[in-house]
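# Architecture and fold: a report
Residues per chain are reported as follows:
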Amino acid sequence: MWDNTIVVFTTDNGGPTTTGDGVGARNWPLRGGKHSIFEGGVRGTALIRAPKLKEKNSLYPHLMHGADWLPTLCDAVGIPTNGTKPLDGVSQWTGLLHPSSSKPSRTQLVIGNSTNYCGDDCGFGIRVGEWKYMRGGGGKPDTWYPPVNETLRTCQGSCNTTAGWCFPNDDITSLKVASPDECCAQCLVNSKCEVWTYRTKVDAAQVNCYIKRDQGEKPEHDSECVSGWPAGKPAPPVPPPPAAGTLYNISADPTEHNDQAASNPDTVKQLDAMVSTVLETFKGATNDPSCPFPKAGWPSTPQGKIMEPWC
């Protein structure tokens, strides 16, 4: 049986951190978690074992959506999908057979919540190649949750450095330093420092590093700032998304620290138009009216409430 069996281990989303069904999961170093469309919420770990796979212990480098598993597994066992209702997924089987030499089966996918009517907290996104664009916010949770009981040795990890944010007010001190890393280091040696901000464009004689005693107000978007906060301290509230949306280069910045929207307006315009096209035929998720959901709440068992039937 083992020699004729395909085993897939995967997930439907990133770990739940603090929202809804949060159980203290960590998606470090990715941002966010379940219920958000940041990478920590939508990037899932998966593995596959199959007799026909020739490149053992290999890493699949291409973009894949959960909807791709159905046509992929059908292709693997020789079941045709022609004649079915239209599928959102594409087969990735050829790529899985030859991960080091195959071309991508898909170069884009839509990332979004089940509704587009929740204001700044959640919106729709699209991934095209290395670019990920989000119209509106990415949902909650929207920050970074360090791993528990792990020493973070680098300044990037120790200070959760984020480009494009400025923390206002509540300076403990300010000084002239050579780089954001040095500003980070100044925060780490100051026991009262909660957050820091480094300004990238100042006159040579001006101070550029601001050590702050608390998070104060929400950080502000500013392309001339780099900010951070020490690992192990609560993450600050994130600023509301810019009206133009946010843009991340996921290949170079998988942790979504550096919003590239301001410096790539043509890419933002192109991807925003693609989102608009998708939303022209979008329908929010609804319960099947023919499914006999209980009217008096979900049934209870000794282990807790359950959802049934699954229609």
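### Focus: the overall build of the protein chain
Within the protein chain one finds six helices and 13 strands. Within the protein chain, residue pairs in contact and separated by at least 24 positions form 62% of the contacts whose partners lie at least 6 positions apart. For the protein chain, the accessible area works out to roughly 18,000 Å², and carbon and sulfur atoms hold 53% of it.

### Things to note about unusual backbone geometry
Cis geometry marks the peptide bond from Trp 28 to Pro 29; its omega dihedral reads 5°. Along the chain, Pro 29 turns up in the loop between strand E1 (7-9) and helix H1 (39-42). With a phi close to 85°, His 35 is a non-glycine residue in the positive phi region. Locating His 35 in the fold gives a position in the loop between E1 and H1. Although it is not a glycine, Glu 256 adopts a positive phi angle of roughly 55°. Position of Glu 256 among the secondary structure elements: in the loop between strand E11 (246-249) and helix H6 (265-279). For Glu 256, a relative accessible area of 0% gives the class buried.

### Some remarks on the pattern of salt bridges
When their charged atoms lie close together, side chains carrying opposite charge are able to pair. Tallied over the entire structure, the rule returns seven salt bridges. A salt bridge links Glu 39 to Arg 43; the nearest nitrogen and oxygen atoms lie 3.0 Å apart. Several salt bridges converge on common partners, so that one network encompasses Glu 39, Arg 43, Lys 132 and Glu 256.

### Digging into helix H5 (residues 180-188)
Looking only at H5, the buried set comprises Cys 183, Cys 184 and Cys 187. The arc that holds the buried residues of H5, viewed along the axis, is 105°, so those residues lie on one side.

### As for the nonpolar core
With 11 residues, the main nonpolar core is built from Cys 159, Val 177, Cys 183, Cys 184, Cys 187, Cys 193, Trp 196, Tyr 198, Cys 209, Ile 211 and Val 226. Among the secondary structure elements, those contributing two or more residues to this core are H5, strand E8 (195-199) and strand E9 (209-212). It is H5 that contributes the most residues to this core, three residues altogether. Ignoring anything within four residues of it in the chain, the contact list for Val 226 reads Thr 161, Thr 162, Ala 163, Trp 165, Pro 180, Trp 196, Thr 197, Tyr 198 and Thr 200. Listed in part, the 10 residues of the second largest apolar core include Phe 124, Trp 131, Val 275 and Leu 279.

### Focus on the packing of aromatic side chains
Scanning the entire structure with this criterion turns up two aromatic pairs. Ring geometry for Trp 165 and Phe 167: centres 6.5 Å apart, planes at 85°, overall edge-to-face. For the pair Trp 165 and Phe 167, one class covers both residues: buried. When the centroid spacing of 6.3 Å and the interplanar angle of 10° are considered together, the rings of Trp 165 and Trp 229 count as stacked. Within this pair, whereas Trp 165 is found in strand E6 (residues 162-166), its partner Trp 229 is found in the loop between strand E10 (220-228) and E11, the two being separated by 64 residues in sequence.

### Observations regarding the pairing of E10
In this structure, E6 lies alongside E10, joined through four bridges in antiparallel fashion. Among the inter-strand pairings, Ala 163 is bridged to a residue of E10, identified as Val 226.

### A few points about the confidence of the model for the protein chain
Caution is warranted with low-pLDDT regions, since their predicted coordinates should not be read in detail. Looking at the protein chain, the pLDDT average stands at 82 and 80% of residues meet or exceed 70. A low-confidence stretch, residues 149-156 stays under pLDDT 50, and its non-local contacts, those more than four residues away or across chains, total 14 contacts.

### Some thoughts on the environment of Ile 48
You can see Ile 48 is positioned in strand E2 (residues 47-49). For the pair Ile 48 and Ile 6, spaced 42 residues apart in sequence, the C-alpha to C-alpha distance is 7.2 Å. Among residues more than four places away in sequence, those in contact with Ile 48 are Ile 6, Val 7, Val 8, Leu 53, Trp 69, Trp 93 and Leu 96.

### So, the environment of Gly 15
Mapped onto the elements, Gly 15 comes out in the loop between E1 and H1. Sequence separation of Gly 15 and His 35 is 20 residues, and the distance between their C-alpha atoms is 9.3 Å. In contact with Gly 15, not counting residues within four places along its chain, are Ala 25, Asn 27, Gly 33, Lys 34 and Gly 40.

### Some points on the state of the cysteines
Within this structure, the stated rule accounts for three disulfides. Across a sulfur-sulfur distance of 1.6 Å, Cys 166 and Cys 225 are joined as a disulfide pair. Here Cys 166 is found in strand E6, whereas its partner Cys 225 is found in strand E10, with 59 residues between them in sequence. The exposure classification of Cys 166 matches that of Cys 225, with both residues buried. The partner cysteine of Cys 183 in its disulfide is Cys 209, sulfur to sulfur 2.1 Å. Its torsion about the S-S bond being 85°, the disulfide of Cys 183 and Cys 209 is classed as right-handed. Here the residue Cys 183 occupies a position in helix H5, and Cys 209 occupies one in strand E9, the gap between them amounting to 26 residues.

Reading the values: the criteria
Per chain, the residues get numbers from 1 upward, laid out in the order the sequence is written. Confidence filtering applies because this is a predicted model: local features only for residues at pLDDT of at least 70, side-chain atom pairs given and counted only at 80 or more, and all residues used for totals across whole chains, interfaces and linings. Hydrogens and water are ignored here; the side-chain numbers use all heavy atoms of the structure. A run of H or I in DSSP counts as a helix once it spans at least four residues, and a run of E counts as a strand once it spans at least two, with each numbered from the N terminus. Every residue pair with non-hydrogen atoms within 4.5 Å of one another is taken to be in contact. Method for areas: the Shrake-Rupley scheme with a 1.4 Å probe, in which residue coverage is limited to the protein chains shown. Note on classification: 1.4 Å probe, protein chains only; a residue is buried when its accessible area is under 20% of the maximum for its type, exposed when over 50%, partly exposed between these limits. A side-chain nitrogen of Lys or Arg and a carboxyl oxygen of Asp or Glu constitute a salt bridge if their distance falls within 4 Å. Working note: the arc is built from the helix axis to C-beta atom directions. Nonpolar cores are built from buried Ala, Val, Leu, Ile, Met, Phe, Trp, Tyr and Cys residues. Side-chain atoms within 4.5 Å join them into one set. Aromatic pairing here means that ring centres of Phe, Tyr or Trp (its six-membered ring) are within 6.5 Å. Orientation follows from the plane angle: under 30 degrees is stacked, over 60 is edge-to-face, and everything else is tilted. A pair of strands is treated as paired once DSSP finds two or more bridges between them. Confidence of the predictor at the level of single residues is captured by pLDDT, which takes values from 0 to 100. The disulfide definition used here is simple: a pair of cysteine sulfur atoms within 2.5 Å.

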